[in-house]
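Breakdown of the fold
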Amino acid sequence: MIRLPHILSCGLVLGGLVPAGDLLAQATSDREAGRQLAGQCRTCHGLDGLAQIPIAPHIGGEPESYIRNQLTAFRDGTREHEMMSIVASSLTDEQIAALAAWYAGHRITAEVTADPADAPDLCVSCHGVDGLHLVEDAPNLAGETNIYIDTQLKAFRNGKRVHDIMTPIAADLTDAEIRAAADWYAGVEVEIELVE
Ligand code: HEC
Ligand code: HEC
């Protein structure tokens, strides 16, 4: 049910006026351009999107639309962070699209080692038990550090970061619930396979 809009939008693009071959060529050149641009990102996110520093999230295998939206938000100032606001400030829409295509294209796998019954009920419909997104615009949470997840939930709760779905969800969470959800997803083991 919740996946329907994504399936529909794919169908519309593929069934639209652009010939499939052109779309494929476009996607390939976007990814090549993205790989070049990712040289600016790798010290913190790796070339494959596996985080290299604890405060940076994994971005390999995130939904393309999610990466695009976040980079645009950092650039336009609707999401702020001392490092990312600077990184994104000079990116064009084309560069953002290329970076999103590059990082979204890697293969992420997650393994839950704890009891799946302990996964946070309120979150699994969109973020999965294992932290791999089930809804197109939702990010993966698998294996992010608990500090990162905790910080983002508090940012939604205090209004520093705003989103139609996450703002009301975070508004009702206590510090203990935030901590528990952060610990759950941080405990999932992830691997990201670089896809050229
Ligand atoms: C100096 C380190 C650093 C560099 C370089 C850097 N980032 Fe980041 N990035 C971060 C940190 C830290 C965050 C977490 C921001 C926050 O807490 O809100 C982040 C967040 C992000 C996010 C949001 C992910 C999410 O799950 O919400 C995206 C997307 C992203 N970076 C992409 C990039 C891209 C693409 C580049 C290269 C053009 C890049 N970053 C370069 C440190 C970095
Ligand atoms: C109905 C779907 C839905 C539910 C339920 C949901 N989320 Fe989200 N979540 C989203 C979407 C969509 C985003 C992307 C927000 C954005 O674009 O800024 C998001 C973003 C996040 C982020 C930011 C991740 C990042 O990489 O920056 C965190 C953390 C998060 N959610 C945690 C949770 C937790 C914990 C719960 C349960 C208490 C939960 N979410 C429930 C849809 C959902």
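Residues numbered from 1 in each chain as written. Chains lettered and ligands numbered in written order. Predicted model: local features only at pLDDT ≥ 70, side-chain atom pairs only at ≥ 80, totals over all residues.

**What about the overall build of the protein?**
Scanning the protein for helices and strands turns up ten helices and two strands. Helices and strands in the protein line up, N terminus first, as α-α-α-α-α-α-β-α-α-α-α-β. Relative to its 196 residues, the protein shows a buried fraction of 32%. Partitioning the contacts of the protein with sequence separation of at least 6, the portion at a separation of at least 24 is 66%. (Helix = DSSP H or I, 4+ residues; strand = E, 2+ residues; numbered from the N terminus. Buried ≥ 20, exposed ≤ 12 C-beta atoms within 10 Å, placed from the backbone. Contact = placed C-beta atoms within 7 Å.)

**Quick notes on the pairing of strand β2 (residues 189–193)**
Here β2 shows one buried face, formed by V190 and I192, and one open face, formed by E189, E191 and E193. Of the strand pairs in this sheet, strand β1 (residues 107–111) and β2 are connected by five bridges, and their pairing is antiparallel. Its bridge partner lying in β2, A110 is registered against V190. (Pairing = 2+ DSSP bridges.)

**What to know about the site of ligand 2**
Looking at ligand 2, there are 22 residues lining it, with C123, C126, A138, P139 and A181 nearest. Those elements that provide at least two residues to the shell around ligand 2 are α7 (124–127), α8 (146–158) and α9 (166–171). (Near = placed C-beta within 6 Å.)

**Regarding the packing of α8 against helix α10 (residues 175–186)**
Interhelical geometry of α8 versus α10 gives an angle of 140 degrees and a closest axis separation of 8 Å. The angle between α8 and α10 places the two elements in the oblique class. Viewed along their axes, α8 and α10 form a crossing whose handedness is right-handed. Here N146, I149, D150, L153 and K154 of α8 come into contact with α10, specifically with I178, R179, A181, A182, D183, Y185 and A186. (Axes fitted to C-alpha atoms, helices over the stretch in contact; angles between N-to-C directions. Parallel < 35°, antiparallel > 145°, perpendicular 65-115°, else oblique. Left-handed = near helix turned anticlockwise from the far one by under 90°.)

**Thoughts on the nonpolar core**
Formed by 20 residues in total, the largest nonpolar core has its most connected members in A142, I149, L153, A181, A182, Y185 and V190. Among the elements that make up this core, the one with the highest residue count is α10 (five residues). In contact with Y185, not counting residues within four places along its chain, are G131, L141, A142, E144 and I149. Among the nonpolar cores identified, the runner-up in size contains 16 residues, and F74, A88, I96 and A101 belong to it. (Core = buried A, V, L, I, M, F, W, Y, C linked by C-beta atoms within 7 Å.)

**Quick look at α10**
Given a rise of 1.5 Å per residue, twelve residues ought to cover 16 Å, and the 16 Å separating the end C-alpha atoms of α10 matches this to within 8%. Along α10, the positions that sit buried rather than exposed are I178, A181, A182, W184 and Y185. Axial view of α10: buried residues confined to an arc of 160 degrees, hence all on one face. Turned more than 90 degrees away from the buried face of α10 sit D175 and A176, all of them exposed. (Expected span 1.5 Å × (residues − 1). Arc of directions from axis to C-beta.)

**Describing the site of ligand 1**
Near ligand 1 you find 20 residues, and of these C41, C44, A56, P57 and H81 are the closest. Here the residues of the shell around ligand 1 are counted per class, giving 14 nonpolar, six polar and no charged. (Nonpolar A, V, L, I, M, F, W, Y, C, P; charged D, E, K, R; others polar.)

**Quick look at the confidence of the model for the protein**
Looking at the protein as a whole, the pLDDT averages 90, with 86% of positions reaching at least 70. A low-confidence stretch, residues 1–16 (pLDDT under 50), is modelled with four contacts involving residues beyond four sequence positions or located in other chains. (pLDDT = per-residue confidence, 0-100.)

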